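What follows is the residue order along each chain.
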Amino acid sequence: MASLNQHRVYIPSSARANQYVLVEFKPNDEFFAQFSSVNCSYKRLARELFALCDEYELHNVHLIANDKLPVVRYHDEAYSLETAKQILFFYNPQYHEAHTIFASDDEKCKKIRFLFLATGEEIRANAAQFHHKVQRVISSLQDKLLSNQSSLKIRDHQHLTYDMFAKAKGHKESYGYKLRSLYPRYQSRQCHLPSEHSEMTYAGFSIPVTRAIKTQFQHMLNEANYTQFYQYIFDAFKRACEKRQLTLGAFIANGTRPIVRNSHIDNAQSNSELQKLTFDCNTKEPQLQHYWDANSLVDVLHFVIAAADKDKHDIGYGRFMNQVQSAINEVTDELAFNPTRQDLRVRFYQHINYQY
């Protein structure tokens, strides 16, 4: 029983589940040649896509043809906000529905993306069914309009988001998760994925640089730059990870938000808004990274801890998340952080991608 319990992580019952599937391809000249103009190609593709989504009861779907990366977040109100590099989608899966297109007039994009947002209740329990519906839509699109395209890439993203210190605020109820890998979960529910696929599992959390923290580290923040402050935070994070054999992690304090990829598929790169992090999950060598701007004091400190292959167990990632939560506790213990009054949002991410 003790062995089983260490593979179960207890997460507040108020945790929010989210899922979205991103399908993308690089349109070739043959694709655009089917239509009288670039605009017509996007409109026709959107018309076919949304008709199929109605047929398969996919109620919140977007076509993105302006080379901006979609970022999905929970919100009680629905928003789609565009920046130079991103489109931020805020929505509540229980209530919000939409079929929209994002494209630049008469401009050929490098990638066309279909974003499928899960809706309804019991998101995690129905994840395989949702993914299978997306597969059926894509298969139909390939038959109708995309037969001359190379294979499409499908990325399935699932999140569990919760306040690490919900219990300190009086929310005592929790639920024990084993956090099984996506591939066996889907296979057991008759949603078949190719054997050649890539998975990433990781946790992310952020700590605001509050007045209390600025007061605590005032002696470091009075320096000409903030290297000493950021180094202190990174050292605390590194110690917490090393103590628990968490070998893949990153600390980001340069004003960007992290996105995580497998190093066998993507290269690390940054732009003005995003810090791409890549990890080799196969290696046993530690990969604890940091990215900060010594000349700027950021409002929020971002942290990522990724699961290596050694952290993957048949029963699930429960033990990994127990170790992550212990590391978070150790980091916050070194800071002026009040768990009864401040939220610390932890996101547990599971991604799987493959060629379709």
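Residues numbered from 1 in each chain as written. Predicted model: local features only at pLDDT ≥ 70, side-chain atom pairs only at ≥ 80, totals over all residues. Heavy atoms only, no water.

A few points about the confidence of the model for the protein chain
Here the protein chain averages 92 in pLDDT, while 97% of its residues score no lower than 70. Looking over the protein chain, one finds the lowest element-wise mean pLDDT in helix 1 (residues 2–5), namely 56, and the highest in strand 8 (residues 112–117), namely 98. (pLDDT = per-residue confidence, 0-100. Helix = DSSP H or I, 4+ residues; strand = E, 2+ residues; numbered from the N terminus.)

Comments concerning the environment of aspartate 333
One can find aspartate 333 in helix 9 (residues 318–333). On the basis of relative accessibility, which here comes to 65%, the residue aspartate 333 falls in the exposed class. The spacing of aspartate 333 and alanine 236 is 97 residues in sequence and 9.8 Å in space, taken between C-alpha atoms. (Buried < 20%, exposed > 50% of the residue type's maximum accessible area, 1.4 Å probe, protein only.)

A word on the packing of helix 3 (residues 38–55) against helix 4 (residues 127–144)
The contact between helix 3 and helix 4 brings their axes to 10 Å, and the two run at 140°. Our pair here, helix 3 against helix 4, has a crossing hand that is right-handed. Residue-level contacts link Leu45, Glu48, Leu49, Leu52 and Cys53 of helix 3 to Val137, Ser140, Leu141 and Lys144 of helix 4. The residue makeup of the contact of helix 3 with helix 4, split by class, is six nonpolar, one polar and two charged. (Axes fitted to C-alpha atoms, helices over the stretch in contact; angles between N-to-C directions. Left-handed = near helix turned anticlockwise from the far one by under 90°. Contact = heavy atoms within 4.5 Å. Nonpolar A, V, L, I, M, F, W, Y, C, P; charged D, E, K, R; others polar.)

Here's the deal with the packing of aromatic side chains
Throughout the structure, instances matching the rule amount to 21 aromatic pairs. Between phenylalanine 25 and phenylalanine 31, the ring centres sit 5.9 Å apart and the planes meet at 75°, which makes this aromatic pair edge-to-face. A centroid spacing of 4.4 Å and a plane angle of 10° characterise the contact between tyrosine 202 and tyrosine 349, whose relative ring orientation is stacked. Taken as a pair, tyrosine 202 in strand 11 (residues 198–208) and tyrosine 349 in strand 17 (residues 345–355) lie far apart in primary sequence, 147 residues in all. An aromatic cluster of three or more residues is present, and its members are Phe205, Phe217, Phe229, Tyr230, Tyr232, Phe234, Phe237, Phe251, Trp292 and Phe303. (Phe/Tyr/Trp six-rings, centres within 6.5 Å; stacked < 30°, edge-to-face > 60°.)

Considerations on the pairing of strand 3 (residues 60–65)
Here strand 3 lies mainly inside the structure; six of its six residues are buried. Across six bridges, strand 3 lies against strand 7 (residues 98–103) in parallel orientation. Bridge assignment links asparagine 60 to a residue of strand 7, and that residue is alanine 98. Direction of pairing for strand 3 relative to strand 8: antiparallel, over a ladder of four bridges. Each bridged residue has a counterpart across the sheet, and for valine 61 the counterpart in strand 8 is phenylalanine 116. (Pairing = 2+ DSSP bridges.)

Quick word on the pattern of salt bridges
Tallying each qualifying case throughout the model produces 15 salt bridges. Taking the shortest distance from any N to any O, the salt bridge between glutamate 82 and lysine 68 comes out at 3.0 Å. One end of the pair, glutamate 82, is in strand 5 (residues 79–82); the other, lysine 68, is in the loop between strand 3 and strand 4 (69–74), with 14 residues separating them in the sequence. The exposure class of glutamate 82 is partly exposed, given its relative accessible area of 44%. Glutamate 199 is the salt-bridge partner of lysine 312, the closest N and O atoms lying 3.8 Å from each other. Taken as a pair, lysine 312 in the loop between strand 16 (300–306) and helix 9 and glutamate 199 in strand 11 lie far apart in primary sequence, 113 residues in all. Put simply, Glu24, Lys111, Arg113 and Arg155 are held in one network by salt bridges that share partners. (Salt bridge = Lys/Arg side-chain N within 4 Å of Asp/Glu carboxyl O.)

Comments concerning the sheet that holds strand 16
Taken in spatial order, the ten strands of this open sheet run 7-3-8-2-9-17-11-16-12-15, and their pairing is mixed. With partners counted over all chains shown, the strands left at the sheet margins are strand 7 and strand 15 (287–292), one partner each. The average angle at which neighbouring strand axes cross in this sheet is 15°, direction not considered. In this sheet, strand 8 lies alongside strand 2 (residues 16–25) in antiparallel orientation, the contact comprising six bridges. For glutamate 24, the partnering residue across the bridge sits in strand 8 and is arginine 113. The strands touched by helix 3 are strand 2, strand 3, strand 7 and strand 8; relative to strand 3, the strand with the most contacts, the crossing angle is about 160°. Against the sheet, helix 9 makes contact with strand 9 (153–163), strand 11, strand 16 and strand 17, and its axis sits at roughly 20° relative to strand 11, the strand it touches most.

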